[in-house]
Amino acid sequence: MISAKKVKYSNLGNFRFAQLKGKYLLTTDTGEWIFLEKAEFEKFLEGKLKKNTFLYQQLVAAGFIKTKKNEVAQYASRYLKLNSSLAQGPSLFIFVLTLQCNHRCLYCQVTPEKKGAKGFDMSREIAKKSVDLAFRTPSPYVGIEFQGGEPLLNWPVLEYIVKYAKASNKTAKKELKISLVTNLTLMDEKKLAFLLKEDVSLSCSLDGPDYVHNKNRIYLDSKGGSYAPMLKGLKKVQQAIAKKKQKSKEAFVDNLNAVLTTTRFSLAHPQEIVDEYLAKGFDNIFIRPLSPFGLQRKTIDIIGYSAEEFIEFYEKALDYILQLNLKGTLFVERTAALALKKILNNSDASYYEMRSPCGAGIGQMAFDYDGSVYTCDEGRMAQRMGHDNFKLGNVHEDKYQDMVDNEVTRTMCLGSALDNQAGCSDCVYRPYCGICPLANFIEHGTIFPQILNTDKHKINKALFEYLFEKISDEKYRTVFESWLL
């Protein structure tokens, strides 16, 4: 490396850098990035690049070199594009319809109650007040997501919320999206017809072939395992969507996705899990590591693994997925796609785990079954574990403005802003990354842990290193760009 005395600091814009596979990766706060060879990097620092070269013009255009032509307004515009959701207000509203569930998944992020348990369902009164509060957001977007327990166990209130939200939106005129997270085992023809008619998106869990899925997801209604009844519900949904597509004169998006939660039982089967998704008609997979909430804290010795083990599994799965794409099968890994939207498109993915600050209180709110309001879904999960630190108020007593502008929300912003975390502020991947202060609190007892020692940091760093290494190869970059179309 050259001597600091030779660096022409007055010529340099604001950027971060790191060595990656023999080259230097440089990034800016606006998400611009470039790879430089060692000799190019040194000339850049010394101010010795010739102004008539393409490289010099690239560096100027991206803001790595300061000139009179670099306009603050242009820089600010790029920053706002990359972080547009930060200026909108809450847009995702979690509705916890019930804590009842007919499963006991080993990694469940909440502490559920048995099917039939009394006193754990959201009432219509609370539902109405929650919808009214959600529509107070200044955001042009309102996303309502039904969570549980199993939300279908409180069907009358789910149905009521869908109808009331749509009626409310006739006046509010927001871009309204409603989604349901369900295990599919309680889906019948009547419920499904209503959900498809109202364009409610569906998300389920598919952890791989039956020998993985059944180990992770314990089904209480039968000793036969959860995979078969889930598959029955999945086929029912897919067939109904196919019929709707045939009848629809307009283009119809099926709005059915599945999520993979990785456990120790998954680690040996990256290819088989991807193949399972393909076999069940999915063109994407959302690979997620364990989170520190709910039952997982009690089952960690059974299903847990190190960050390094997850990274190895994830990279093997991505390698296989990329090979499928190169052979002509379009198949997307959604965690990578969300990161790539920021890296390749310089645009906000609206994904709260890749935001700084995160979405707690300023991007999302969670309405619990009893009317309590939390910063996010993780906030209400923490409450079930005995930590009520993340409560914003109650729908019966508190106003919207008092909940979004209070000490809890402000603390979450401080705790999730990467510039406030040692090791994050100067990281080359800072423009694309994010942290969860609630996960940090549960795992480390503070929202300001030593980030570099956390599993989340190790996993995120590995993800970005993998993506940037692959982007350097034109054939992989072409695949990545196809994921963003």
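Before reading on, note that the structure itself is shown above.
Just so it is clear, the model here is predicted, and its values are computed rather than measured.

Reading guide: rules and limits
- Residues numbered from 1 in each chain as written.
- Predicted model: local features only at pLDDT ≥ 70, side-chain atom pairs only at ≥ 80, totals over all residues.
- Heavy atoms only, no water.
- Helix = DSSP H or I, 4+ residues; strand = E, 2+ residues; numbered from the N terminus.
- Rg over C-alpha atoms; globule rule 2.2 N^0.38 Å.
- Buried < 20%, exposed > 50% of the residue type's maximum accessible area, 1.4 Å probe, protein only.
- Contact = heavy atoms within 4.5 Å.
- Areas by Shrake-Rupley, 256 points an atom, 1.4 Å probe, with all protein chains shown as cover.
- Lys, Arg positive; Asp, Glu negative; His and termini not counted.
- Charge placed at Lys NZ, Arg CZ, Asp CG, Glu CD.
- Pairing = 2+ DSSP bridges.
- Right-handed = clockwise from strand over helix to strand, strands pointing away.
- Core = buried A, V, L, I, M, F, W, Y, C linked by side-chain atoms within 4.5 Å.
- Axes fitted to C-alpha atoms, helices over the stretch in contact; angles between N-to-C directions.
- Parallel < 35°, antiparallel > 145°, perpendicular 65-115°, else oblique.
- Left-handed = near helix turned anticlockwise from the far one by under 90°.
- Nonpolar A, V, L, I, M, F, W, Y, C, P; charged D, E, K, R; others polar.
- Phe/Tyr/Trp six-rings, centres within 6.5 Å; stacked < 30°, edge-to-face > 60°.
- Polar contact = N/O pair within 3.5 Å; in protein donor to acceptor, adjacent residues only side chain to side chain.

*Asks:* When you look at the overall build of the protein in this model, what are you seeing that I'm missing?
*Replies:* Broken down by element type, the protein carries 18 helices and 15 strands. Whereas a compact globule of 485 residues would reach a radius of gyration of roughly 23 Å, the protein reaches 24 Å, a difference of no more than 12%. Per-residue burial for the protein yields a buried fraction of 56% across its 485 residues. Contacts spanning at least 24 positions in sequence make up 71% of the contacts within the protein whose residues lie at least 6 apart. Surface accessibility of the protein: about 22100 Å² in total, with carbon and sulfur atoms responsible for 51%. Counting 67 positive and 56 negative side-chain charges, the protein places the averaged centre of each group 3 Å from the other.

*Asks:* For this particular structure, what's the right way to read the pairing of strand 8 (residues 175-181)?
*Replies:* A regular strand carries its side chains on alternate faces of the sheet. Bridge count for strand 7 (residues 141-147) against strand 8 is six bridges, and the pairing is parallel. What sits directly across from G143, in strand 8, is K177. In the classification by handedness, the crossover that spans strand 7, the intervening helix 5 (residues 155-172) and the parallel strand 8 is right-handed. In terms of strand pairing, strand 8 meets strand 9 (residues 201-205) through three bridges, oriented parallel. Paired with V181 across the two strands is S203, which belongs to strand 9. Taken together, strand 8, helix 6 (residues 189-197) and strand 9 form a β-α-β motif whose crossover is right-handed.

*Asks:* Is there a simple way to think about the environment of E46 in this case?
*Replies:* If you trace the backbone, E46 turns up in helix 1 (residues 38-46). With relative accessibility at 13%, the residue E46 sits in the buried group. In the structure, E46 is positioned 424 residues away from K470 in sequence and 29 Å away in space, judged by C-alpha atoms.

*Asks:* Whenever I open this one, the nonpolar core confuses me. Can you help?
*Replies:* Note that soluble globular proteins tend to have their nonpolar side chains buried in a common cluster. Of all hydrophobic cores here, the largest spans 139 residues; its most connected members are F95, M122, F146, I161, F468 and W483. Broken down by element, the residue count for this core peaks at 11 residues, all from helix 11 (residues 307-326). Sequence-distant contacts of F468, that is, excluding residues within four places in its chain, are made with L20, L25, W33, F35, I343, Y429 and Y432. By size, the runner-up hydrophobic cluster in this structure holds 18 residues, among which are V7, L55, Y56 and I65.

*Asks:* What am I meant to see in the packing of helix 6 against helix 8 (residues 227-247) here?
*Replies:* Two packed helices can be described by the angle between their axes and the distance between those axes. Packing of helix 6 against helix 8 brings their axes to within 11 Å, and their N-to-C directions diverge by 45 degrees. One element, helix 6, and the other, helix 8, form an angle in the oblique class. Helix 8 is crossed by helix 6, and the crossing has right-handed handedness. Residue-level inspection shows E189, L192, L196 and K197 of helix 6 in contact with helix 8, the latter providing K236, V237, A240, I241 and K244. Its residues assigned to classes, the contact of helix 6 with helix 8 shows five nonpolar, no polar and four charged.

*Asks:* For this particular structure, what's the right way to read the sheet that holds strand 3 (residues 33-36)?
*Replies:* Backbone hydrogen bonds hold the strands of a sheet together, and the pairing may be parallel or antiparallel. The three strands lie next to each other as 1-2-3, forming an open sheet whose pairing is antiparallel. In this open sheet, the two strands that pair with only one neighbour each are strand 1 (16-20) and strand 3. Within this sheet the neighbouring strands show an average axis-to-axis angle of 25 degrees, counted without direction. Pairing geometry for strand 2 (residues 23-27) and strand 3, over four bridges, is antiparallel. Each residue of the ladder has a partner; that of T27, found in strand 3, is W33.

*Asks:* Looking at this model, I keep getting lost on the packing of aromatic side chains. Mind explaining?
*Replies:* Throughout the structure, instances matching the rule amount to 27 aromatic pairs. Taking 6.1 Å as the distance between ring centres and 20 degrees as the angle between the ring planes, the aromatic pair formed by Y305 and F310 counts as stacked. Each member of the pair, Y305 as well as F310, carries the same accessibility label: buried. With 6.5 Å between their ring centres and 45 degrees between their planes, F310 and F313 make a pair best called tilted. Of the two residues, F310 and F313 both sit in helix 11, three residues apart, roughly one turn of that helix. Each of the two residues, F310 as well as F313, counts as buried. In textbook terms, an aromatic cluster arises when at least three aromatic residues are bridged by ring pairs, as seen for F15, F17, Y24, F41, F44 and F64.

*Asks:* What's the story with the side chain of T185 in this structure? I'm lost.
*Replies:* Structurally, the position occupied by T185 is in the loop between strand 8 and helix 6. Looking at T185, the relative accessible area reads 17%, which means it is buried. Side chain to side chain, T185 and N102 meet in a polar contact 3.0 Å long. A polar side-chain atom of T185 sits 2.7 Å from a polar atom in the side chain of N183. If we ignore the near neighbours within four places in the chain, the residues touching T185 are N102, H103, Y219, P229 and M230.

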